[in-house]
Structures are given as C-alpha cells and as structure tokens.
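Results of the structural survey
Chain by chain, the residues run as shown.
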Amino acid sequence: MSSSNKNNPTVSLFLPSLRGGGAERVMVNLARGFAEQGLSVDLVLAKAEGPFLSQVPKGVRVLDLGARRVLLALPGLVRYLRRERPRAMLSALSHANVVAIWARLMARTGTRLVVSEHSTLSQSTMNAAVRREKAIPFLIRRFYPLADTVVAVSQGAAEDLILQTGLPAEKVRVIYNPVVTPDLFAKADEPLDHPWFRSGESPVILGIGRLTTPKDFPTLIRAFALVRKKRQARLMILGEGEERPKLEALVRELGVEEDVALPGFVENPYSYMKRAGVFVLSSRWEGFGNVLVEALVLGTPVVSTDCPHGPREILEDGKWGQLVPVGDVEALAQAIVVGLDEERSRSMARAKIFALEEIVKQYAEVLGIAITKLGLN
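F14, L77 and Y144 are the most contacted members of the largest nonpolar core, which totals 37 residues. Elements with a minimum of two residues in this core: α2 (74-84), α3 (94-107), β5 (112-117), α5 (136-143), β6 (149-152) and α6 (155-165). Looking at this core element by element, the count peaks at seven residues for α3. Those residues in contact with L77 that sit more than four places away from it in its chain are F14, V44, L65, M89, V99, A100 and A103. Core analysis: the second largest hydrophobic core is formed by 35 residues, A188, L238, A276 and I314 among them.

Written out as structure tokens, the structure is:
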C-alpha cells in the first residue's frame, strides 16, 4: 500500500480493479477531474491490477487492498475508512457498492457515500453466469437505501434500477459518464501504425468492448459477413474476454479470416476510432455506452443497437446515429453499409453534456464536495 503525507482525503473512489471496462475508465476520468480541481483523491482498489493502472493521473494516490475478491477487501476498506476518514467516497459496480456500504457501517465514520450503477440491472441479473450474481438485486434492495445517493449512468438504467429494487426515486440520481476529455482528442491524434488504416485501404468497421455475452459481437461478425458480400471492408474488434475462442471460430466458419482482426485490449483505442469508416455498438444491453459518445465526438459515423439502456438517450432517438433492433443481423448490416457512406462530422454540441468538467461538477454536488476552481462554479 502506498503512503502519503496527505491527511483526510477529500474524495475516495472504490472499485474492484482497473481491468479494462467502461466503469473503470469512468472512475479514472473522475479521479483526474477531481485532482485537476485541486482535491485530494484516493483510488482504493480491492486489487491494484489492470491496464488502466498506467492511466491513473499523477497526484492521485492508489491504495491496493490486496484482495483476490471484492468481498475479501471488506476488512481493509474498513481500516482505510477509520484511518483516513475521507469526506466522501464513491464506489462503482454492484458487488463493490454493497461492500462499500458494509464498510462504512462497520467503520462508523462520517464519510458521505455515493454508489454508482453502470449496467442495466434486470439484464445483467437475468444473464448472470455465476449464482452469487443472481443475489445482487436482493442485496441492492436491502443495502442501497443505506447509501446517501445512488447514481445511475442513464435515465433508462435508473428507471430499471427503481423498478427492479423498489428504491425510492428520490434516492436515485442520473449522471452521465464523463467521456469527453482533452486527453481523448490528444490520443485520437496520435499516429496509428497499422496497415489497415493506411491511405487507399478498404474502410474499417470498428467495434470496441470486452469480448463478453452482453456486447454480442457474434451479431456484428455475422452482419460484417453480409456487408463483405456487397463491398470491400474490414472489421476490427478491440477488447479482450472469455468469448474470444467462440468469436474466432465464428470468423473461420464464415470464411472472413482475411478481413477480421481481434487485436485484444489496446491502450489507445481513440486513434483507431478516429480513423474508422464506421463505429458499431452491437450490445444486447448497456448501462450507458461510453464508446458511442467517443465516436460521435471524433466525427466517426455511428451505428448502434437500440438496446437497454443508453444508446437511444445518447443518440437522441437516432438524431446522431442509426439505431437498429438488438440481434438483427440484416438490419445491422444494412445500417453499416449506410454508415460507411456517411460524411464525417463532429457532434460537438451533443458532446458537451458528457464533458468531464460538467460531470465532475455533478458528482461533486452529490458527494457534498465544494469545488471552487474557476469554470466549475
């Protein structure tokens, strides 16, 4: 565990790890945003591992509780709260949220606690592979009322959470994810040394996300196979996960190995995103959909499934990109063909509501933290 001379951190962020995912990226962005406002920030991890560790900004203290599972981090988190007594703590992801609530109860400190839900509860529970995950709605019903505020990352996710758990609506606050950062534009402009993105090459259809069931990359691969029959194009999916063997087998089965790449997790997806012909989100469900905002801001045409919840809100009912039914291979293929012929245009006006500075202001409000720096008053 790292040490510091700082006493009483203003805000602590707690989550399982910094493995590659949307919630983890959001928490790193928030850590940066709070630190830039001159606040003392601790990033408390059940286990300090994952690719986003390298992206934690200087000035943010990382504390590793060294636990193999989030539940096993409970004693360490209790000790941390008693020792450091942060003014406020924000946690992310259902199981970590429950542990954070228990830790505050046991520590008996005055730390204000906000828990954040980054998924659509009904969908993630219904499709849970592990039995203990099916108990999450019960734990949420029992313990979330003990948090000071519950944040949902989209209106749809908030409504689903209230419906599934009976939480009082006044307890739940919708705050969009802080997706638009100066860092995003700088990284998008970095050079990309990949033969598929050289001048004169076929356009690249891009998907990004963990290779897991909710992202439904099989539908994207099948849709690409249909697109490929009509025109020259390539498909690249950035991300890593347990479905890799299944996806690779499907690529071989469809005979599109030459035109499909699965490079794994990449540190900087934005340089790919900026240069893609079209960005596709093929998910069965989402809590929000960070990548849609990122693609919009970078001017890349967007196609998304109309999944619960997030994409329809982000795209304002299709105003900023095409929406297609979940799991519909032919509709997705048709939308991709249209997207490949679209003009590139940055949706900056839409992007402002997802800007880090604006979202930090909203989180500071629910955390009870005063921000006095210029620009956030």
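Side chains V302 and S304 of strand β12 (residues 302-305) all project onto a buried face; the interleaved residues V303 and T305 project onto the opposite face, where all are buried too. Bridge count for strand β11 (residues 278-281) against β12 is three bridges, and the pairing is parallel. In the strand pairing of β12, L281 is matched with S304. Taken together, β11, helix α11 (residues 290-297) and β12 form a β-α-β motif whose crossover is right-handed. Of the strand pairs in this sheet, β12 and strand β13 (residues 322-324) are connected by three bridges, and their pairing is parallel. The residue bridging T305 from the neighbouring strand is V324, located in β13.

Right, let's get into α3. Relative to the 20 Å expected for 14 residues at 1.5 Å per residue, α3 spans 20 Å between its end C-alpha atoms, a close match to the ideal helical length. Looking at α3, one finds that the buried residues are S94, A96, N97, V98, V99, A100, I101, A103, R104 and A107. Here the buried face of α3 lies against β1 (11-15), α2, β4 (88-92), β5 and α5. R108, located one to two residues past α3, shows a positive phi value of around 55°.

Moving on: the packing of aromatic side chains. Given two aromatic rings, one states the distance between the centres and the angle between the planes to describe the pair. The final tally for this structure, using the stated rule, is six aromatic pairs. Relative to F265, the ring of F52 has its centre 5.7 Å away and its plane inclined at 75°; by these criteria the two rings are edge-to-face. Of this pair, F52 sits in the loop between β2 (41-45) and β3 (60-64) while F265 sits in the loop between β10 (260-264) and α10 (270-275); the two residues are 213 residues apart in sequence, bridging distant segments of the chain. You can call F265 partly exposed: its relative accessible area is 32%.

Of the positions making up α2, those classed as buried are L74, G76, L77, V78, Y80, L81 and E84. For α2, the elements touching its buried residues are β1, β2, β3, β4 and α3. Directly after α2, the chain includes R85, whose backbone phi takes a positive value near 45°.

Another aspect to go through is the sheet that holds β10. Spatial ordering of the open sheet is given by β10-β9-β8-β11-β12-β13, a layout of six strands whose pairing is parallel. Strand pairing shows two members of the sheet lacking a second neighbour, β10 and β13, which therefore form its edges. Recorded for the sheet is a direction-independent mean angle of 20° between the axes of neighbouring strands. This element, α11, spans β8 (204-208), β11 and β12 of the sheet and lies at about 165° to β11.

Scoring rules and cut-offs
Residues numbered from 1 in each chain as written. Predicted model: local features only at pLDDT ≥ 70, side-chain atom pairs only at ≥ 80, totals over all residues. Heavy atoms only, no water. Core = buried A, V, L, I, M, F, W, Y, C linked by side-chain atoms within 4.5 Å. Buried < 20%, exposed > 50% of the residue type's maximum accessible area, 1.4 Å probe, protein only. Helix = DSSP H or I, 4+ residues; strand = E, 2+ residues; numbered from the N terminus. Contact = heavy atoms within 4.5 Å. Pairing = 2+ DSSP bridges. Right-handed = clockwise from strand over helix to strand, strands pointing away. Expected span 1.5 Å × (residues − 1). Phe/Tyr/Trp six-rings, centres within 6.5 Å; stacked < 30°, edge-to-face > 60°. Axes fitted to C-alpha atoms, helices over the stretch in contact; angles between N-to-C directions.

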